[in-house]
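# Understanding the architecture of this molecule
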Amino acid sequence: MAVLSNHPVNRDQAKVMNRYDITKRLVGLLHADEAVIGGIGYTNFDLWAASESASGRRQQNFYMLGSMGLAVPIAMGVAIAQPRRKVFALEGDGSVLMQLGSLSTVAARKQTNLCVVIMDNGAYQITGGQKTATGEGADIVGIARASGLEQSAWAADEDAFVELVARSLKEDGPWLIGCRIDTAKPVDTTERDPARIRDNFMKGLGVRA
Amino acid sequence: MAETWYEIVVEVLKRHNVSLVTYVPDNVLRPLVAAIEADPFFTAFACTREEEALGINAGAYMGGVRSILLMQTSGFATLPNVLASLSVPFSIPTVMMVSERGTLGEFNIGQSLVARTMRPVLDALSIETHTMTRLDEAEFILDRSLVQAFATMAPVCFILSPLLTGGKVFSK
């Protein structure tokens, strides 16, 4: 993808950003009731925090409570069911490493309305900061490209992240955006009420009244 | 008129608007997968892992599309965590169909051992389970259980016994 050539070629060249800050920027770009699936851990907590506003909490978010690694598959299921809606999966590096096969499934199906955002701090942060393989040389964007996701790129910095998200909203995917993030604590903690999470999400998607 | 077990499955799935089929392949399921893939009513594809397929189906349900996951016994053994953390607590009617290995002439000890974990896991999670052994009962079991799964928003598992499918037979 020549059009993505101005982005860093590898993880080492990408700026380390703040998870809450870029999640807030992502949510701020969503104006068409796009669906967002929050993986587990701090990625999930900061999606919850970033989705609160004066007009209430955005409804088109799904918050996993376990089932580590399934943000991409769940997002793909939503994307298959609702092909005219853009769907985002927010996933951590440890989580995506657990389900790398899902990247090749997304690529093989050419799921055009799907964008995967990887929050990569090289650590299983919520369990004590143990290292993941991404801090030891595994490059998620490289893995994604080799899995067939050609439109995969590292966000060089916050402006580049916003540019990539904006493109994913306008143009067909599947997309994968790699984000290097810091180890800051999340801003809030997601409410853990599965019935309410699911019901809100289905209402947000227009499946339930 | 459906005459084989897999024709009956196709017919009942269509009746209940179960249009998404994810699977990890299995030899016994081959005629069912072939029949589904030949029918434009269905969206069907193989996944890399059973839990990936379950996640896709869960997302599709929340997006308004009904689905089924096809797998064999050893694949089911990879699912307890996602059943307990996604399907059951979120009340998602995950429909599963398992081709039963490990019994009635199994030749692979790995299959016969892992098969023994399946029913205890389903029981531990109180998941409605039917072992399908007879052609004349197949339509009734599938039809009624799909009604129940979607009405009660609860997972259901259909175990396809070798008594129904013929199973996989030993060959040197």
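Here, the structure is the one placed above.
It should be emphasised that the depicted structure is a prediction, and the values quoted were computed from it without experimental measurement.

### What to know about the interface of chain A and chain B
With 29 residues of chain A in contact, the opposing surface of chain B contributes 27 residues. Viewed at the interface, chain B and chain A are joined by 0 salt bridges. Across the chain A-chain B interface, the total number found is 5 residue pairs in polar contact (both at pLDDT 80 or more). Those elements giving two or more residues to the side of chain A that touches chain B turn out to be strand 4 (61-63), helix 3 (71-81), helix 5 (101-109) and helix 8 (194-204) of chain A. Of the residues that constitute the side of chain A that touches chain B, the class distribution is 17 nonpolar, 9 polar and 3 charged.

### Some thoughts on the state of the cysteines
With the rule as written, the count across this model stands at 0 disulfides over all chains. No disulfide involves Cys115 of chain A; its sulfur sits 9.0 Å from that of Cys179 of chain A, the nearest cysteine. Residue Cys115 of chain A is classed as buried on the basis of its relative accessible area, which comes to 2%. The structure places no disulfide on Cys47 of chain B, whose sulfur is separated from the nearest cysteine sulfur, that of Cys157 of chain B, by 17 Å.

### Description of unusual backbone geometry
The step from Gly173 of chain A to Pro174 of chain A runs through a cis peptide bond, and the omega angle for that step is 10°. Here Pro174 of chain A lies in the loop between helix 7 (158-170) and strand 10 (175-180). At Ser67 of chain A, a position not held by glycine, the phi torsion is positive, near 45°. Positioned with a positive phi, Ser91 of chain B is a non-glycine residue whose angle comes to about 55°. Its place among the elements puts Ser91 of chain B in the loop between helix 5 (80-87) and strand 4 (95-99).

### With respect to helix 7 of chain A
Residues and elements named next belong to chain A. A rise of 1.5 Å per residue sets the reference length of helix 7, with its 13 residues, at 18 Å; its end C-alpha atoms lie 19 Å apart and thus fit the reference within 8%. Three or more residues of helix 7 are buried, namely Glu158, Ala160, Phe161, Leu164, Val165, Arg167 and Ser168. On its buried face, helix 7 is in contact with helix 1 (19-28), strand 5 (87-92), strand 6 (114-120), strand 9 (152-154) and strand 10. Between the side-chain oxygen of the N-cap and the backbone nitrogen of Asp159 there are 3.2 Å, and the N-cap of helix 7 in question is Asp157.

Calculation criteria
- Residue numbering note: each chain is counted from 1, following its sequence as written.
- Whichever chain is written first becomes A and whichever ligand is written first becomes 1, with later ones labelled in order.
- pLDDT decides what is reported in this predicted model: residues at 70 or higher carry local features, side-chain atom pairs at 80 or more are listed and counted, and totals for whole chains, interfaces and linings draw on all residues regardless.
- Think of the side-chain values as coming from all heavy atoms in the structure, minus any hydrogens and water.
- Residue contacts follow a heavy-atom distance rule, with two residues in contact if any of their heavy atoms lie within 4.5 Å.
- Any Lys or Arg side-chain nitrogen found within 4 Å of a carboxyl oxygen on Asp or Glu counts as a salt bridge.
- Pairs of N or O atoms within 3.5 Å make up the polar contacts considered here, provided that, within protein, one atom can donate a hydrogen while the other can accept it, and that residues adjacent in sequence are counted only when both atoms are side-chain atoms.
- Strands here are runs of E lasting at least two residues and helices are runs of H or I lasting at least four, both read from the DSSP assignment and numbered beginning at the N terminus.
- Residue type decides the class: Asp, Glu, Lys and Arg count as charged, Ala, Val, Leu, Ile, Met, Phe, Trp, Tyr, Cys and Pro as nonpolar, and the leftover types, Gly among them, as polar.
- Only a pair of cysteine sulfur atoms within 2.5 Å counts as a disulfide in this structure description.
- Burial status follows relative accessibility: with a 1.4 Å probe on protein chains alone, a residue under 20% of its type maximum counts as buried, one over 50% as exposed, and anything between as partly exposed.
- Residue count minus one, scaled by 1.5 Å, sets the expected span of a helix.

Geometry only, nothing functional implied.
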